[in-house]
Every structure is written in structure tokens, then in C-alpha cells.
Amino acid sequence: MSENLIIVESPAKAKTIEGFLGKGYVVKSSYGHVRDLAKSDKAIDVKNDFSPLYEISEDKKAVISELTRLSKKADVVWLATDEDREGEAISWHLFETLGLSDKKTKRIVFHEITKPAILNAIANPRKIDKNLVDAQQARRMLDRLVGFELSPILWKKVRPSLSAGRVQSVAVRLIVEREREVEAHKSSSAFKVVALFHVTDEKGKTAQLKAEHPTRYKTSEEAEKYLNSCIGETFAISNLEKKPGKKSPSAPFTTSTLQQEAGRKLGFSVAQTMVVAQKLYESGKITYMRTDSVNLSATAIDAAKNEITSSFGKDYSNPRQYKTKNASAQEAHEAIRPTYFNVHAVDGDNNERRLYDLIWKRAIASQMSDARIEKTIVNIGCSGNKDELLATGEVVQFDGFLKVYMESSDEENDENESGLLPPLKKGQTVDLQDLTASEKFSYPPARYTEASLVKKLEELGIGRPSTYAPTISTILKRQYVVKEDRPGRDRLVRLLSIKNNTVLHSSRTEVTGAEKSKMFPTDIGTVVTDFLVKNFKDILDYNFTAEVEKEFDEIAEGNIRWVDMLKGFYKPFHKTVEYAEKNTERASGERILGIDPQSGKTVSARIGKFGPIVQIKGDKDDESPRYSKLRSGQRLETINLEEALELFKMPRNLGEFEGKDMVVAIGKFGPYVRHESLFVSIPKTDDPYTIGSDRAVELILAKRKSDAEKIIKTFKEDPDLKVLKGRWGPYVAWGKKNIKIPKGVEPSSLTFNDCEELDLKQNGPAKAGKPVASSAPSKKKSAASAKKTTTKTSAKAPAKKVAASKPVTNKTKAKANAATKTKAAAKKKAPAKKKAPAKKKTRK
């Protein structure tokens, strides 16, 4: 009999903890949540104070069975799930599902998985915090109510199979609005003047000094005028100013700042960051990774101080405690940090090592001294005009925390440069080597990366540490948003420079608008967002969503009842849903693009049943419209008439090959080339609208070769029977029927009779043999119609018998009949099976 049963969420965590404890302790995993709201619309009884109906997940029944058995044998059951609201809710569900009693149940929490932390938690148990559980229940139920009531509206008004969510819809709105800001941006240009000087010091050493004009000239004429005023003139340092400054380290990581920095520095997605951090936590290498606190324990601060002093010296240590700006942050929790500061690197895969290194550096840097910097500002005057050029530089006098870590930034197109300057003094003459004015363009707001979206959601107070990763995963999975790279476009840039005392005009090409791992809204994401913003303003309002999060925090602190919170939300929300269902029109995002010059019919773009389309349709209702899908990179909001008409040029005839037409078309599974009965997929690297005949021939020949290499064996008895190479290994194909080849059988050694045997074993006597086209009437025909057809046929002549190319042998049929009789006899003798008990559901 086990005296103590400890239950955690994950097997990795269980294994680590079990290694710290001696005999008398059994550590088991619940493998995450064990039950959830029932999947039906009866999961929440709105009329009965929002009473929830929970059911055990199908894949957790065996887990619950084992935990129930072990808990009955144990003297004490320790619920050791994570310390956040979700972890508290898992503990409560375990308590309810296993039928535990208060007397033998204890709740323990810890910020790190180390032996001292586990033993300390066992020495200081508590009860399940029902306020935290209620906060999590309220979030789960509110999100279920929003999803279950909004999604059917979208099915009716936009397109089937769509979904909406309280946080996910707001996240999509942010991305849609940012995309419109980018598209609405009108780039303007100005000319930036840069000068390069040679500076000679007292020892005769030459160094380069770069300076800029503080003004951006709006026109090339203004820039040229300034450059002309500098020709042949003398430049000297008119002023030299030095200012002391400092840089302070950032606070240790919270969940959101870890996700942001891992995205910027390591290129991790938000989901990837959390998966790797979870591994590090469960193996005892870092503290709990879902937190919004920047607080460090006194023990951790002392450990960091000792490590900094030991590794870098006393001057580098500056212990400090950070305060969280977020009022709802739980300061009892800790920031993310290494469990042991003296462990600079860990074992594990490459991603684990890289993320640990990032966490260690950020945490240790937070306890180090400020960096002391001297900033120098140099003014350079010109004898030919009153304008002055500016040069700036920084000298790090004491590196402090910079010895270990420097935070990255989300800012793009940052042209600020501060480097080391050569020794300079006031009145010193400098030699002009180069003076240019280059055209610079204004930039639109940056599209969101996963990291910058998390930052924005946190700034708005939307979501909490545990919700950022699932929110982003959901909007990508639902295809409301795509994350991808997009190529830029060439842009001409004008340049002015001085050569031989003359201002020369030239130009160069630069690439602009290139994007890497950015988030773009899809057409369906845009249409859904517009529909929800128009008809459900509160749900999509940033402030409202943030207020709901604050109410969850109030429930967690015991200040308001979760039922009251849900009542206050649901009544007005449900009324809005009812109104929208009856009074809103279908949303398709339709745009009229113009008139087709050939037919005189209207060309429009809209969301269709299977995605964004353009259509050509006349005024008469009985006319069938012509449709075409949008190409990759095209959007409903930006496509124009000319681009839309190009889409109707399919199918394209590329000419003849071997006396037969090659036709390019776009089908259900993408673009293809058709040549006689051969259909060849066009790779993504080729554009079906521009592909030429030479490339089409290449693809046709490659397909023929591939098909030939695919055939292992054919049979003269029946040309339709083949042994082929497949994606998952060799198999037998007989018409449209695929037959598995058992392991250990050499595919090339199969005979016709062997294939018949395999067919009979796998498909049975009824379906064995060569597939024959069915002459049965269509399922869509009525019984009367089928009867009528039969009567007519029999009146004219008896039906012809279909001759099989090769009947199944009598020997194999006899075997099959014997096997069938044996099965039937066994079935008669076997006792009737008892009905499985009905699925157990509990309403709490």
C-alpha cells in the first residue's frame, strides 16, 4: 500500500519529482486536463445559474481508472498541478472526478522543480483555491458561450465551418487593421545628406568620421543647392559636447517577454517557445514558464549575486527587485529564471540549450550593474553655408550588464547609428572625402510578427500568459491569418553626389516591402472581422475584452462571484446574437470591379463557398455566372478589374505535343497540364498563367518517367492488375482497388494467382475479382424511377451478362466459403455481448 500519491500534469514532471522523493511516494501524471465541458449545446445550463456539465475525455478514462485505484490505496493524495489558474482547475477536476475527500487531500504548489522546492511544498500544503478555479471556469464557460452562439451566425451569414472566439477574433482584428494601415500608407520621399571626412590626429594617424545633415530635403533641387554650396569649402569642428549616460538592464522574463525575445533572437514561434520552455521546466532547469510577474525571490537574488561576483567581479553586481507594471500580475509568482544560477549551460537538444542560454543571460543581467556610457555630439561647420552637420558616437566606459546581454527590439528600418568616434577637438579641420544626398522613403507601420502581436495584446490587457500561444495557434489553424515570407519589389532611388566639383545625378535600385515571418489576414479573416465589428461591437472592442480579463482577475481574488459576472455578460450578448440572426444580411466582402469589355457583364470579387473568387455575371437571374479562384497573393480588397479578367483566361491551350493538345487548367487540387488522358500537376514554383509549352513538355515527360518507374510488375492475364511502388511501400492495384502486400513478401515475385489470393483475403468473396462498372441505378433516383427503368429493360430484351476477364478460381472460392461457414457457426455459439454502460456525465 502506498502512503502518498502525488498527481502532476505531465509524465516528464512526474519522473523528475519521483527522483527527489524516497519510498512511500508514488508520483503519477494526469496527462493534462481530465475532463471538460460536454461538447453538446447543453454543456452550460444558462437558466440554472450557468451550471456546467462536465464529461471525462475519452482518452483519459484509463488514466482516471488508474488514478482512482491508486487514490483509494493512498493515505494522502497530493495534488501538485501547476500554480496558475489552469493548474488549480485541473486539481479541482481531479478532486471531483476521483471522488477524493478533504481529509486525505492536500494541494501543493512550487515555482521550480528542485528537491528543496518540492520538500518545502510538502511541508506547507494548502486547500484547493476555489476562487482560482472559479476564475478559470468563468473564462472557459464565457468562451464556450461566445463560440457556440457566434459561430452558427457566421455559418449562416458568411460561410459554413467558421468559428469565432472572444480573444481570437480580437487578435485577427488587430492584424486586419494593421494590414489596412499598411495598404493605405502613401510613401513620401526626402533626401538625406551624409558626409564622410578623414581626420588626422597629432600622431599622423587617419580615421574616418561620418556626419549627417539634421534636415531632410523634400526635393532634389533643395538637396542639390546645398551640395553646390559645399563645393570647394572648408569644414571644421565648431562644437564638441560630451554627455555621461547609462543603460539599465531589462527585468527577467515573463511569459510574454520570453515569447517576444525568443522570436526576435532565436526565430522561435510562440508555440515553439512554450513547448521548449515546458521541457526545461519539467526537467528542473528553469522556474515555471507561465507567469506575468517580474519578481525574483530573495533566495534567487542572493544566488545571482554570488554567481555574478564569482564570475565577473564585485563591481558587476547590483541586486535589485523589479515591480510589475501590470496591476493584475501575481507577485507571489516568480519571473522565469534558471533554477540554479551557477549552471551556465544545460544538456538537451539544440533548442533547449539556446532557450536556456537566453533565460540565464536575461535573469543574470537583471541583477548586474548599469552600463556607463559617454555620448559625444560633434557639430561640423562649413565655410560655404550656415548649416552644420552632426556626428554622434558612444563610448562604453563600463560595460556592466552589457558584458552578458543586450535586449533586441521590434523596431524596423532603424537608421540610427552610434559608433566610436576618433579623438577630436574643437576648431579641428576635417577633410571632406565624400558628400552625397540619397532619396529615403517613409515606411508604413510594420506588420505583426508573432512576437509583436503578443506584445500588443499584453499592452491592451487582452489575454493572459497561458492564452497567447493557443490564441495565435487557433487563428493560424482556422486560416483567418497566414504567417509567411513575401518578396519585395524593386524601387528606383535617386542619388546626388559631388565629383570633380560638380553635382552628379544618378540612381540605383533597392528592394522594398520584403517581409519575413509576418502575419497577414486572409480574405475570409477580413470578411469575418468586418461582419463581427459591425454587428458585435462589444465582443470585438479592445477595451471591453480587456475589462473582461480584469473581471476574471476579480473572481480569482474573491471580489466577485463568477455566476454574477457571467449573468452580466450573457444577457446583453444573447440579445445581440438574436437580433443579428434575424436582421443582418449575408456578408461576402463583395466588390464590384467593373464591366467585362467582351461580354458587357459585371465583374466582381467576393467570398464563395470554397474561398475568395471573382465572377462575371449578367443582370438576368437565369444566367449562369463564370467563376475563377484568386491567385496566391491576391486579395479581395486590392484586386482590380484587369487582374480579375486575367483569371478567366483558363484553360490555356499551349499548342500540340506528339499531335495532341497541351491544356493548362486549374482543378480542385490545383493547377495542372492535361495531355490526352494524362494529368500532370504544375509545381508551386511555376505560374500556370505564364507557363510555356517547353516547360509543359518537360513536366509531361517527367510524369511519364515517374509513372514507368512506379510499375514493379504487370500481368498478361489482366492489364488492369499491377504491382506498384507507393508512398508507403509497394501495393497491388486492380482498377481503382488497392490491395496491401504482406510484410516479407517480395512484390516482384507475386503471380496473378497470388494477387487473387490477397484480394480474396482482404476484400472477401463478394468484392474479390476484377472491379466491374455497376449497372445499378443512381442512388439519387427514386424507387419508382428505378422500377420503371427495370420494367422497360425487361420488356425489350433480357439483360446481357457481363463477362469477367478472369474469374476467381474454384479452389480459392471453396476456401472462402469454408471460412465464412466457420465464422457463422462461431457467431451462433458465442454468447451475446453486454451493452456498454452509458457515458458518465456530471453536472457541477
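Structure: above.
Residues numbered from 1 in each chain as written. Predicted model: local features only at pLDDT ≥ 70, side-chain atom pairs only at ≥ 80, totals over all residues. Heavy atoms only, no water.

## Re the overall build of the chain
- Secondary structure summary: the chain contains 22 helices and 30 strands in total.
- Among the 844 residues that make up the chain, the fraction classed as buried is 43%.
- Considering only contacts in the chain between residues 6 or more positions apart, those separated by 24 or more positions represent 69%.
- When the accessible surface of the chain is summed, it comes to about 46900 Å², and 51% of that surface belongs to carbon and sulfur atoms. (Helix = DSSP H or I, 4+ residues; strand = E, 2+ residues; numbered from the N terminus. Buried < 20%, exposed > 50% of the residue type's maximum accessible area, 1.4 Å probe, protein only. Contact = heavy atoms within 4.5 Å. Areas by Shrake-Rupley, 256 points an atom, 1.4 Å probe, with all protein chains shown as cover.)

## Here's the deal with the pairing of strand β10 (residues 235-247)
- Across twelve bridges, β10 lies against strand β11 (residues 371-382) in antiparallel orientation. In the sheet register, Lys242 faces β11, and the bridge partner there is Thr376.
- Strand direction decides the pairing type here: β10 and strand β13 (residues 429-441), joined by two bridges, are antiparallel. Paired with Phe235 across the two strands is Val430, which belongs to β13. (Pairing = 2+ DSSP bridges.)

## Describing the sheet that holds strand β26 (residues 711-715)
- Taken in spatial order, the four strands of this open sheet run β26-β27-β28-β29, and their pairing is antiparallel. Each edge of the sheet is formed by a strand with only one pairing partner; in this case those strands are β26 and β29 (737-740). Each neighbouring strand pair of the sheet contributes to a mean axis angle of 25°, computed without reference to strand direction.
- Of the pairings in the sheet, the one linking strand β28 (residues 731-734) to β29 comprises four bridges and is antiparallel in character. Its bridge partner lying in β29, Tyr731 is registered against Lys740.
- Together, β26, β27 (718-724) and β28 form the strand contacts of helix α19 (residues 693-710), whose direction differs from that of β26 by roughly 70°.
- Sitting on the sheet, helix α20 (residues 752-767) is in contact with β26, β27, β28 and β29, with an inclination near 110° to β29. (Axes fitted to C-alpha atoms, helices over the stretch in contact; angles between N-to-C directions.)

## Section: unusual backbone geometry
- Of note, the bond from Met650 into Pro651 is cis; its omega dihedral lies within 30 degrees of zero at -5°.
- Mapped onto the fold, Pro651 is located in the loop between α18 (641-646) and β22 (652-657).
- With a phi angle near 55°, Tyr31 is a residue other than glycine that sits in the positive phi range.
- Mapped onto the elements of the fold, Tyr31 is located in the loop between β2 (25-29) and β3 (35-37).
- One non-glycine residue, Gln479, adopts positive backbone phi at about 65°.
- Within the secondary structure, Gln479 is located in the loop between α13 (468-477) and β14 (481-486).
- Using a relative accessible area of 55% as the deciding quantity, one classes Gln479 as exposed.

## Describing the pattern of salt bridges
- Following the criterion strictly, the structure yields 50 salt bridges and no others.
- Measuring nitrogen to oxygen at the nearest pair gives 3.9 Å for the salt bridge that ties Lys516 to Asp485. Taken as a pair, Lys516 in strand β17 (residues 515-521) and Asp485 in strand β14 lie far apart in primary sequence, 31 residues in all.
- Judged by relative accessible area, which is 62%, Lys516 ranks as exposed.
- Judged by its relative accessible area of 47%, Asp485 falls in the partly exposed class. (Salt bridge = Lys/Arg side-chain N within 4 Å of Asp/Glu carboxyl O.)

## Some thoughts on the side chain of Asn295
- For Asn295, the location among the structural elements is in the loop between α9 (270-282) and α10 (298-312).
- A polar contact is formed between the side chain of Asn295 and the side chain of Gln321, at a distance of 3.0 Å. (Polar contact = N/O pair within 3.5 Å; in protein donor to acceptor, adjacent residues only side chain to side chain.)

## Side note on the nonpolar core
- Membership of the largest hydrophobic core comes to 145 residues, with the highest contact counts inside it found for Phe110 and Leu355.
- The element that contributes the greatest number of residues to this core is helix α5 (residues 130-157), accounting for eleven residues.
- Discounting chain neighbours no more than four positions away, the residues touching Leu355 are Leu258, Ala262, Leu266, Phe268, Thr273, Val276, Ala277 and Leu280.
- The next biggest cluster of nonpolar side chains, apart from the first, holds 25 residues, and it includes Val193, Cys382, Val430 and Val503. (Core = buried A, V, L, I, M, F, W, Y, C linked by side-chain atoms within 4.5 Å.)

## So, the packing of helix α3 (residues 85-97) against α5
- Packing of α3 against α5 brings their axes to within 8 Å, and their N-to-C directions diverge by 100°. Of the possible angle classes, the one that applies to α3 and α5 is roughly perpendicular. Each of Arg85, Glu86, Glu88, Ala89 and Trp92 in α3 lies in contact with α5, whose residues at this interface are Lys130, Leu132, Val133, Ala135, Gln136, Gln137 and Arg139.
- Taken together, the residues that form the contact of α3 with α5 break down as five nonpolar, two polar and five charged. (Parallel < 35°, antiparallel > 145°, perpendicular 65-115°, else oblique. Nonpolar A, V, L, I, M, F, W, Y, C, P; charged D, E, K, R; others polar.)

## A short note on the environment of Met368
- Here Met368 shows up in the loop between α11 (350-365) and β11.
- The spacing of Met368 and Ser317 is 51 residues in sequence and 4.6 Å in space, taken between C-alpha atoms.

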